Amino acid sequence: MPESLQAGGWGLLAGSALLIGAAAGWYARVPQRVIASIMAFGAGTLLSAVSFELIVKAYEHGGVLPTTLGAAAGAVVFTLANVVLARRGGQHRKRSGRRQPTEAQRPGSGNAIAVGALLDGIPESVVIGASLLGGKTVSLVTVGAVFLSNVPEALSSAAGMRHAGRSRRWVFTLWTLIALATGVSAVAGHILLGNASPAALAAITALAAGGILAMIIDTMVPEAFENAHLLAGLITVAGFLIAFAVAHP
């Protein structure tokens, strides 16, 4: 099977967790403290993948300068985009309670939430596709971390969308499209980065890492720490260490 199709398959696998999480958030009526605990665990696994799979590999490919500049640029790009979306009603897109505005309260907020959810997932998918370059096997730790983080992200967001009065069709259409977009992004990451120089590959990997780090702090951590209280840090560290142990058996 061509590597690009393999990349797409792994991206779709990671993206399928969004549908699992959305279904749980819509139908299961999961308590907010449980959602927050799952979010904290997912944040920990993603932090571990960023640290040991993305930043370290970027450094190995290109050294300190491309890695630092790429990560900083990724954080800046994500933050600027997040600011724009927040002003249009997308700030609380991963909150499970009643923080998400309804369309009546903030016209256009549904589109902002949809674009924000897509923005959150693209860097992760590009990295999955890039990990197959050069005939390498996919980074299972990265795929696993993205999968585990996608479940609570969609779970929390779908619960918030339900509280905001958005329809079931709107919610599941949104997450289905985003799950498909993760597969497409993984293919694009593999194709577009196929001929990149080591320095360029390092910078782009670090760019994705910086965006993911900013996303974790801006969208995942608030939900985890507001409702999980004093256990959030412990649960986050547990997710971090489990992902680290898997990557370093």
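Residues numbered from 1 in each chain as written. Predicted model: local features only at pLDDT ≥ 70, side-chain atom pairs only at ≥ 80, totals over all residues. Heavy atoms only, no water.

Asker: Can you help me understand the overall build of the chain in this one?
Answerer: A count of helices and strands for the chain gives eight helices and zero strands. Relative to all contacts within the chain whose residues are 6 or more apart in sequence, the contacts with residues 24 or more apart total 85%. Carbon and sulfur atoms form 70% of the exposed surface of the chain, whose accessible area is close to 11100 Å². (Helix = DSSP H or I, 4+ residues; strand = E, 2+ residues; numbered from the N terminus. Contact = heavy atoms within 4.5 Å. Areas by Shrake-Rupley, 256 points an atom, 1.4 Å probe, with all protein chains shown as cover.)

Asker: How should I be thinking about the packing of aromatic side chains in this particular structure?
Answerer: How two aromatic rings sit relative to each other is given by the distance of their centres and the angle of their planes. Per the counting criterion, the structure on display carries four aromatic pairs. Judged by centre distance (6.3 Å) and plane angle (70 degrees), the ring pair of W26 and F172 falls under edge-to-face. You can see W26 sitting in helix α1 (residues 3–27) and its partner F172 sitting in helix α6 (residues 168–192), a full 146 residues away along the chain. The pair formed by W26 and F172 is uniform in burial state, with each residue classed as buried. Joined through ring pairs, the aromatic side chains of W26, Y27 and F172 make up one cluster. One residue, R166, lies across the ring of W170, its end atom 5.4 Å from the ring centre. (Phe/Tyr/Trp six-rings, centres within 6.5 Å; stacked < 30°, edge-to-face > 60°. Buried < 20%, exposed > 50% of the residue type's maximum accessible area, 1.4 Å probe, protein only. Lys NZ or Arg CZ within 6 Å of the ring centre and 35° of its normal.)

Asker: Help me understand the UniProt feature "transmembrane region" (unreviewed entry) in the chain, please; the structure alone is not making it clear to me.
Answerer: Those residues carrying the UniProt feature "transmembrane region" (unreviewed entry) are residues 6–27, 34–52, 64–85, 170–193, 199–217 and 229–247 in this numbering. Across residues 170–193, the secondary structure splits into 96% helix and 0% strand, with the terminal C-alpha atoms separated by 34 Å. With 84% helix and 0% strand, the stretch residues 229–247 has end C-alpha atoms that lie 29 Å from each other. (UniProt positions renumbered as here; feature names shortened; annotations may be inferred.)

Asker: How should I be thinking about helix α8 (residues 232–247) in this particular structure?
Answerer: Helical geometry note: an α-helix holds 3.6 residues per turn, so side chains three or four residues apart project in the same direction. Given a rise of 1.5 Å per residue, 16 residues ought to cover 22 Å, and the 23 Å separating the end C-alpha atoms of α8 matches this to within 8%. Those residues of α8 lying buried are A232, I235, T236, G239 and A243. Summarising the axial view, the buried residues of α8 lie within an arc of 105 degrees, below the 170-degree limit, and thus occupy one face. (Expected span 1.5 Å × (residues − 1). Arc of directions from axis to C-beta.)

Asker: Just to check I follow, could you spell out the pattern of salt bridges for this structure?
Answerer: Between side chains of opposite charge, a pair can form as their charged atoms come close. One pass over the full model with this rule turns up one salt bridge. Salt-bridge contacts for E53 lead to K57; the nearest nitrogen and oxygen are separated by 3.2 Å. Remark: K57 and E53 occur in helix α2 (residues 32–62); sequence separation between them is four residues, near one turn of the helix. Look at E53 and you get buried, because its relative accessible area is 11%. (Salt bridge = Lys/Arg side-chain N within 4 Å of Asp/Glu carboxyl O.)

Asker: I'm lost on the environment of G189 in this one. Help?
Answerer: Within the element layout of this structure, G189 appears in helix α6. Residue class for G189 comes out buried when judged on its relative accessible area of 4%. Sequence-wise, G189 and A7 are 182 residues apart; in three dimensions their C-alpha atoms are separated by 8.5 Å. If we ignore the near neighbours within four places in the chain, the residues touching G189 are V126, G129 and A130.

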